[in-house]
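Take a look at the letters that make up each chain.
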Amino acid sequence: MHKAMIMAKRVLVLNGPNLNLLGTREPGTYGSETLKDIENLCKKTADDLGLALDFRQSNYEGELVTWIQDARNTADAILINPAAYSHTSVAIHDALRAVALPVAEVHLSNIHQREAFRHHSYVSSVAFGVICGFGALGYKLALEALAQKLN
Ligand code: CA2
């Protein structure tokens, strides 16, 4: 009998501007974990769920847009913390819409408890789910939701 190869589903994890500073400043708002700590949490979670993970950060809107476009051929789902671009970027909204993969949006902080300019995200309308306010745990929860969505 012919056995089909089972390929691990691939999740692209994208982090937007200034998230490379995590753990060095503003621990009251964003927690004391570094982005490397969050990457390690995501890697462990992905291993447990049988997902293949590609974890990235950029301070450049255009680079994030290009990575989202490329995901058409290299990923099955996207987890994104667009950081400040959540509140400004029609370009990231359009790229996520065009790539047509399941998107989970994550924010470390509860953006609804903060300044009014953080209450709207251009990404939420193209995401199948949004998690905010649970710190790094939000990434783990979002990976679990994506794994379920992909199976
Ligand atoms: O809560 C989140 O995850 C945010 O996406 C983080 C963004 C913010 O603009 C969004 O409104 C909510 C900011 C990330 C910047 O992270 C820093 C970390 C340490 C020191 C300074 C900024």
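Above this note sits the structure.
Only a predicted model underlies this, so the values are computations on that prediction, with no experimental measurement involved.

## Notes on the site of the ligand
Thought 1: Looking at the ligand, there are 17 residues lining it, with Asn81, His87, Leu108, Ser109 and Arg118 nearest.
Thought 2: With respect to the ligand, the side chain of Arg118 contributes an N or O atom lying 2.9 Å from an oxygen atom.
Thought 3: The fraction of the free accessible surface of the ligand (510 Å²) that becomes covered by protein chains is 94%.
Thought 4: A majority-of-atoms criterion places the ligand in the largest pocket.
Thought 5: A per-class count over the shell around the ligand returns nine nonpolar, five polar and three charged.

## Remarks on the sheet that holds strand β5 (residues 129-132)
Sheet strands line up and pair through hydrogen bonds in the backbone, either parallel or antiparallel.
Thought 1: Strand order in the open sheet formed by five strands is β2-β1-β3-β4-β5, with parallel pairing between adjacent strands. Pairing within the sheet leaves two strands with one partner each, and these edge strands are β2 (51-57) and β5. With strand direction ignored, the average angle separating the axes of adjacent strands in the sheet is 15°.
Thought 2: Looking at chain direction, strand β1 (residues 9-15) and β2 are connected through seven bridges and run parallel. Paired with Val11 across the bridge in β2 is Leu53.
Thought 3: The sheet strands contacting helix α3 (residues 61-74) are β1, β2 and β3 (77-81), and the helix crosses β1 at an angle near 180°.

## Topic: the packing of α3 against helix α4 (residues 90-99)
Thought 1: For the pair α3 and α4, interaxial distance at closest approach is 9 Å and the crossing angle is 5°. What the angle tells us is that α3 and α4 run roughly parallel. Side by side, α3 and α4 meet where Glu61, Leu64, Val65, Ile68, Gln69, Ala71 and Arg72 of the first sit next to Ala91, Ile92, Ala95, Leu96, Ala98 and Val99 of the second.
Thought 2: Its residues placed into classes, the contact of α3 with α4 shows 10 nonpolar, one polar and two charged.

## Some thoughts on the pattern of salt bridges
Thought 1: Using the criterion set out here, one finds eight salt bridges in the structure.
Thought 2: Between Lys43 and Glu39 there is a salt bridge, and its shortest N-O distance comes to 3.0 Å. Of this pair, Lys43 and Glu39 both sit in helix α2 (residues 35-49), four residues apart, which is roughly one turn of that helix.
Thought 3: Relative accessible area serves as the criterion here: at 39%, Lys43 is assigned to the partly exposed category.
Thought 4: Several salt bridges share partner residues, and in doing so they unite Lys36, Glu39 and Lys43 into one network.

Parameters at a glance
Residues numbered from 1 in each chain as written. Predicted model: local features only at pLDDT ≥ 70, side-chain atom pairs only at ≥ 80, totals over all residues. Heavy atoms only, no water. Near = heavy atom within 4 Å. Polar contact = N/O pair within 3.5 Å; in protein donor to acceptor, adjacent residues only side chain to side chain. Areas by Shrake-Rupley, 256 points an atom, 1.4 Å probe, with all protein chains shown as cover. 1 Å grid on protein atoms, 1.4 Å probe; cavity = no way out; pocket = protein on both sides within 12 Å on 5 of 7 lines; lining within 4 Å. Sits in = over half its atoms within 2 Å of the grid points. Nonpolar A, V, L, I, M, F, W, Y, C, P; charged D, E, K, R; others polar. Pairing = 2+ DSSP bridges. Helix = DSSP H or I, 4+ residues; strand = E, 2+ residues; numbered from the N terminus. Axes fitted to C-alpha atoms, helices over the stretch in contact; angles between N-to-C directions. Contact = heavy atoms within 4.5 Å. Parallel < 35°, antiparallel > 145°, perpendicular 65-115°, else oblique. Salt bridge = Lys/Arg side-chain N within 4 Å of Asp/Glu carboxyl O. Buried < 20%, exposed > 50% of the residue type's maximum accessible area, 1.4 Å probe, protein only.

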